[in-house]
Amino acid sequence: MSHVARLFVDADLSQGALVPLEEGQSKYLLRVMRLEAGAILRAFNGRDGEWLCRLQVNGKKAALEPTEQVRPQEAGLDLTLLFAPIKKTRTDFIVEKASELGVRTIQPVITEYTQTSRVRADRLQSLVIEAAEQTERMDIPEVCNDLPLGKALAAWDRSKPLYYCDEGSAARPMVEVLKGDLPQAAGLLVGPEGGFSPREREMLRALEFVISVTLGPRILRAETAVVSALTLWQALVGDWDKGPYLA
Ligand code: SAM
């Protein structure tokens, strides 16, 4: 079934309740995918599971008629990524990989050494929708507006561990820290090209919910650190004990 086009829609999904598509989606299905009336595709909205839908066409407008629910709604893991934005294409890479690797909330944080201007959360949100469609997720990650690091830490739910990728000290290996951990809500913090300032390191080390981890002896690019740490978390604590969804 994974060859059947898969679309995220905002509207509710229920048997026979027509879902009119926006212009962009209509154009994509009719002009790019060259689908015709009657074609079958899959739709999900992050609330009602995934539905097989029959395509209805009226001129340039397309609509979906949900016919059968093929996957129940699943609540994804409560995993948050706090990262300091870097150059645009690399930030896009981080956001796309975080979506594929099951992150629920993406919180850009502005740190002392962050070199990039503010991130456009709305632009990144369309990136995560595309990634979620492709990766067969049942939900869409939320991309938040950027916050100064201090504010993001002050707003952090202290019941959740925040794994701080710390390239500058003798932190414990992430595998060791995670082993035996429960698949609980958690967060991951990765710094910018220039790393964290001494003041930020001190602030982070003083917070009881912050757990410093090392990703080995080499200095990884921020995007490499994000993918590495998320991979370890999913493999050791997350949902990689489940096989891929063979739709
Ligand atoms: N401060 C580094 C330096 O002196 O070159 C550069 C920072 S690195 C490019 C960007 C971020 O990736 C770091 O702030 C850290 O969060 C993470 N990172 C990179 N290598 C790491 C490692 N070996 N262990 C833990 N985190 C790492």
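Below, the structure is looked at part by part. (Residues numbered from 1 in each chain as written. Predicted model: local features only at pLDDT ≥ 70, side-chain atom pairs only at ≥ 80, totals over all residues. Heavy atoms only, no water.)

**As for the pairing of strand β5 (residues 61–71)**
Note the cut-off: Strand pairing requires that DSSP identify at least two bridges connecting the strands. Helix and strand definitions follow DSSP, with helices as H or I runs of at least four residues and strands as E runs of at least two, each counted in order from the N terminus.
By the bridge criterion, 2 bridges tie strand β2 (residues 19–20) to β5 in an arrangement that is antiparallel. When the sheet's bridge partners are listed, Pro-20 is paired in β5 with Ala-63. Pairing between strand β4 (residues 50–58) and β5: 9 bridges, direction antiparallel. Counterpart to Leu-55 in the pairing with β5 is Leu-64. Adjacent in sequence and paired antiparallel, β4 and β5 are bridged by 2 residues, among which Gly-59 carries a positive phi angle near 65°.

**Side note on the site of the ligand**
Which entries qualify depends on this criterion: Each residue is tested against the molecule or strand, and it is near if at least one of its non-hydrogen atoms lies within 4 Å. We define a polar contact as two N or O atoms separated by no more than 3.5 Å, with the added condition that, inside protein, one atom must be a possible hydrogen donor and the other a possible acceptor, whereas residues neighbouring each other in sequence contribute only through side-chain atom pairs.
Close to the ligand lie 19 residues, the nearest being Cys-165, Glu-167, Leu-215, Gly-216 and Arg-218. One of the backbone N or O atoms of Cys-165 is found 2.7 Å from an oxygen atom in the ligand. Within the backbone of Leu-220, one N or O atom sits 2.9 Å away from a nitrogen atom of the ligand. Breaking the shell around the ligand down by element, the ones donating at least two residues are β13 (210–214) and α7 (222–236).

**Notes on the sheet that holds β5**
Filter applied, for reference: Only heavy atoms matter for contacts: two residues are in contact if any of them lie within 4.5 Å across the pair. An axis is simply a line fitted to the C-alpha atoms; with a helix, the fit covers only the stretch in contact. Between two such axes, the angle follows the N-to-C directions and lies from 0 to 180 degrees.
One open sheet accounts for 5 strands, arranged β1-β3-β4-β5-β2; its pairing is mixed. Looking at which strands have only one partner, the edges of the open sheet turn out to be β1 (6–8) and β2. Note that β1 and strand β3 (residues 40–44) share 3 bridges and pair parallel. When the sheet's bridge partners are listed, Leu-7 is paired in β3 with Ala-43. In the packing of helix α3 (residues 121–135) onto the sheet, the strands contacted are β1 and β3, and the crossing angle to β1 comes to about 145°.

**Describing a positive patch on the surface**
Note the following rule: Put simply, a patch holds well-exposed residues, over 30% relative accessible area, that have no salt bridge, with like charges counted together within 9 Å and Val, Leu, Ile, Met, Phe, Trp or Tyr side chains within 5 Å. Here the Shrake-Rupley method, with its probe set to 1.4 Å, supplies the accessible areas, and only the displayed protein chains count as covering residues. The term salt bridge refers to a pairing of a side-chain nitrogen on Lys or Arg with a carboxyl oxygen on Asp or Glu at a separation within 4 Å. Counting rule applied: Lys, Arg positive; Asp, Glu negative; His and chain ends not counted. Think of each charge as sitting on NZ of Lys, CZ of Arg, CG of Asp or CD of Glu. The buried label applies to any residue whose accessible area, calculated with a 1.4 Å probe on protein chains only, is under 20% of its type's maximum; exposed applies above 50%, and partly exposed to all values in between.
On the surface, Lys-27, Arg-31, Arg-34 and Lys-60 cluster together to form a positively charged patch. If you trace the backbone, Lys-60 turns up in the loop between β4 and β5. You can call Lys-60 exposed: its relative accessible area is 71%.

**Description of the packing of aromatic side chains**
Where we set the bar: When two rings of Phe, Tyr or Trp (its six-membered ring) have centres within 6.5 Å they constitute a pair, described as stacked for plane angles under 30 degrees, edge-to-face for angles over 60, and tilted for the intermediate range. Charges are assigned to positions over rings by a cutoff of 6 Å between ring centre and Lys NZ or Arg CZ, combined with an angular limit of 35 degrees from the ring normal.
One pass over the full model with this rule turns up 2 aromatic pairs. Between Tyr-164 and Phe-196 the ring centres are 5.3 Å apart and the planes differ by 80°, which places this aromatic pair in the edge-to-face class. Placement of the pair is Tyr-164 in strand β10 (residues 162–165) and Phe-196 in the loop between β12 (186–190) and α6 (198–205), with a sequence separation of 32 residues. Under the relative-accessibility criterion, Phe-196 is labelled buried at 3%. Against the face of Phe-44 rests Arg-6, its NZ or CZ located 3.9 Å from the ring centre. Positioned over the ring face of Trp-156 is Lys-160, at 5.8 Å from the centre of the ring.

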